[in-house]
Structure formats: C-alpha cells, structure tokens
Amino acid sequence: MADFLKTEIDLLSEGAYFHVRCFAHILNLIVQDGLKELDDAVIKVRESVKYYKGSQLRKKRFKDPTTNLYFANVLMVRVLLQKEKDIHDKFMKNMATRMYAKFEKYWAEFNTVMAIAAVLDPRYKFQMVEWGYGKLYGDGYNSELSIIKEKLFLLFNEYVDESNLNKDVKKRLQDFDKFSTKVTSQAVKSELECYLEEKLMLRVNNFNILDYWRTPEIRYPTVARMARDILVVLISTVASESAFITSGRVHDAYRSSLVPSIVEAIICMRDWVFGEAKMESQLEELCDAIMMEKMEDEQENHTESGSRIGESESQVS
C-alpha cells in the first residue's frame, strides 16, 4: 500500500513515516519470543496438571500436603530471593528486593509452625531446622534456633498439661521424679527429648507421616498427639478458597444474563457430580443443556409476544 501511494501522492520523506508499526505489537512479539525459552517448563507444568487431574486420589494428595513438606521448599525460596537481591542486574535486583521485603513481612508469622512440623518429621527432626537456619542467618543462626526450640518445648508442655488427668497423681509422680534423679544422678527426660535423640529415619518414597505416627504413639503419646494436630495445619488455603468462588466460573462474561435460580442450580449440580469420572465434561454438558433450555424459553417467549403484537395490530386495523 505504501509503495502504491508513493507513486500517486507526494509523501514527506518518501513515505518513511507514513506507516509506523504498532509498538505495543512489537513489544508483544519481543515478549513472546523471550517466553519461548520457558516453553519446556510450561509444557511440563501442563502435563503435571493433567496427570494430577486424571485421578481423584492424585488430586487429593496434591491438594492436601502435610505441613512438614513446606519448610525446606519455602526456605529455598527465601534463600533464592536473598541471593537475587544482591546481584548486579538492576532489574532483577529491584524485583527481588520488593519480593524479599514482602516475604520478610510474613516470614515471622508462618515459619514457626513449618519449623515445628519439620521437627516432627522423623526423617529430619531438629537437624532440618538447624541446617535451614544456618543457610538463612549465617553464623548468627543460634539465636533464631533457640527461639524455635523454646516455642517447640512450650507447645509440648501445654500438651503435657492437657494429658495429666489427675493433679494429685501428677504431684506424686513429681516426687518420684525427684527421687529417681537423686538415685541415678540423671534428670528424667521428656517424650520430646527422647524422640529428638533417636536416630533419623531413612528417607523413603511414598512416606505417609500420619500413618507413621500411629506406631510410636505407644512410646510417645503426647508427641504423637501434637504431631497429628500440627501436621494437618493448612499452610495453603487455595483449595478451600476455590470452593467459595465457583460462581465466578459459572456466572462469567458469556453467561452474565443467568438468573440467580439458574446459577444456584449449576453450582448445586457441580457439587452432586463432584468426585465422579469426567466431572468437567459432565458439568459442561449440564451447563450447555441449561443454556439451551434457557434460550428455547426466551425464543418461545419472544414468539408469543410477537404473535400477541400481531393480533393486537389486526384488531386495531
């Protein structure tokens, strides 16, 4: 087009500025080209999602990990951000600095429960926390480690107090503990201390930590009860929150005219078919059937109203 207009119209600078490419489009092409480096990673993520969505059992395991699995992974995120905010690349440094500041804002709130959960994992115990804090805080990690240890034993003592059924029995046992200490010249160790002194368990695949704590419950009943409570603490509430935003996936830009009763029916039907095979395809079929029925009703109403208008016009004439 520009070449043709050059022959027909006297353009300034021979038409060099007649056609200017859209910069937003060029920027989009540049970003898309750069993101091609991530294609392999994106494909792997998609395949992983397909794998976990292919089985209800896998989906349940994926959505509900126990708390002990978070500490090491979240720790690595913090270490990476700490490293990236000190690099020379200005762009990456600024981004990592902002992310690190946000991370630090919440780190003190959630790291304690994750650290205690890691201690209650027989494969790691307190060595995992010591190793992790050494990476985070360097030579001054002992002060942070002592804080976690103090909180761990305070929590354990609360469980011990709840376990004591009779105060008189507790007093008598305290007298026995003092007598035993004098005889053996050794302090009586708590369940938690005995558990921590045991050797680490070998790391194996498909380890179910909740099943594990059913066995040592006889030796460490209080620690086992504490472990059951701590290990099921929800570190992530994404799965729970998603249950309350289902309407956003039903009442979207393409279904914005649905009346409340139809939306309620779709959400209820989703709950009824949840857990069955091919849930998504069934839900889509149900939604499509409802939409078709709604369109047919609207068409019938439109036809009836048209016929009424025709009748009224004939009567007027």
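Treat the numbers as computed from the prediction; the structure is a model and nothing was measured.

About the thresholds
- Residues numbered from 1 in each chain as written.
- Predicted model: local features only at pLDDT ≥ 70, side-chain atom pairs only at ≥ 80, totals over all residues.
- Heavy atoms only, no water.
- Helix = DSSP H or I, 4+ residues; strand = E, 2+ residues; numbered from the N terminus.
- Buried < 20%, exposed > 50% of the residue type's maximum accessible area, 1.4 Å probe, protein only.
- Lys, Arg positive; Asp, Glu negative; His and termini not counted.
- Salt bridge = Lys/Arg side-chain N within 4 Å of Asp/Glu carboxyl O.
- Polar contact = N/O pair within 3.5 Å; in protein donor to acceptor, adjacent residues only side chain to side chain.
- Contact = heavy atoms within 4.5 Å.
- Axes fitted to C-alpha atoms, helices over the stretch in contact; angles between N-to-C directions.
- Parallel < 35°, antiparallel > 145°, perpendicular 65-115°, else oblique.
- Nonpolar A, V, L, I, M, F, W, Y, C, P; charged D, E, K, R; others polar.
- Phe/Tyr/Trp six-rings, centres within 6.5 Å; stacked < 30°, edge-to-face > 60°.
- Lys NZ or Arg CZ within 6 Å of the ring centre and 35° of its normal.

1. Considerations on the side chain of E191
1) Next: Mapped onto the fold, E191 is located in helix 10 (residues 191-197).
2) Next: Buried within the structure, E191 lacks any salt-bridge partner; R225 is the closest side chain of opposite charge, at an N-O distance of 8.4 Å.
3) Next: A distance of 2.9 Å separates a polar atom in the side chain of E191 from the backbone nitrogen of T222.
4) Next: Leave out the neighbours within four places in its chain, and E191 touches F156, R219, Y220, P221, T222 and V223.

2. Describing the side chain of T112
1) Next: With respect to the helices and strands, the residue T112 is situated in helix 6 (residues 90-119).
2) Next: For T112, a relative accessible area of 15% corresponds to the buried category.
3) Next: Setting aside anything within four residues of it in sequence, one finds T112 in contact with I148 and K151.

3. Some points on the environment of S146
1) Next: Looking at the element boundaries, S146 is found in helix 8 (residues 141-163).
2) Next: Taking the C-alpha atoms as reference, S146 lies 9.9 Å from E130; in sequence the two are 16 residues apart.
3) Next: Reaching out from S146, the side chain makes a polar contact with the backbone oxygen of S143 at a distance of 2.6 Å.

4. Let's talk about the packing of helix 6 against helix 8
1) Next: For the pair helix 6 and helix 8, the least separation of the axes is 10 Å and the interaxial angle reads 70°. As summarised for this structure, helix 6 and helix 8 are arranged roughly perpendicular, according to the angle between their axes. Contact with helix 6, carried on its side by N111, T112, A115, I116 and V119, involves I148, K151, L152 and L155 of helix 8 and no other residues of that element.
2) Next: The residue makeup of the contact of helix 6 with helix 8, split by class, is six nonpolar, two polar and one charged.

5. A short note on the packing of aromatic side chains
1) Next: The final tally for this structure, using the stated rule, is seven aromatic pairs.
2) Next: An aromatic cluster is built from Y195, F207, Y212, W213 and Y220, whose rings are joined through pairwise contacts.
3) Next: Its guanidinium or amino end placed over the ring of Y100, K85 lies 5.0 Å from that ring's centre, counting from NZ or CZ.
4) Next: Note that K125 overlies the ring of Y195, its terminal NZ or CZ placed 4.4 Å from the centroid.

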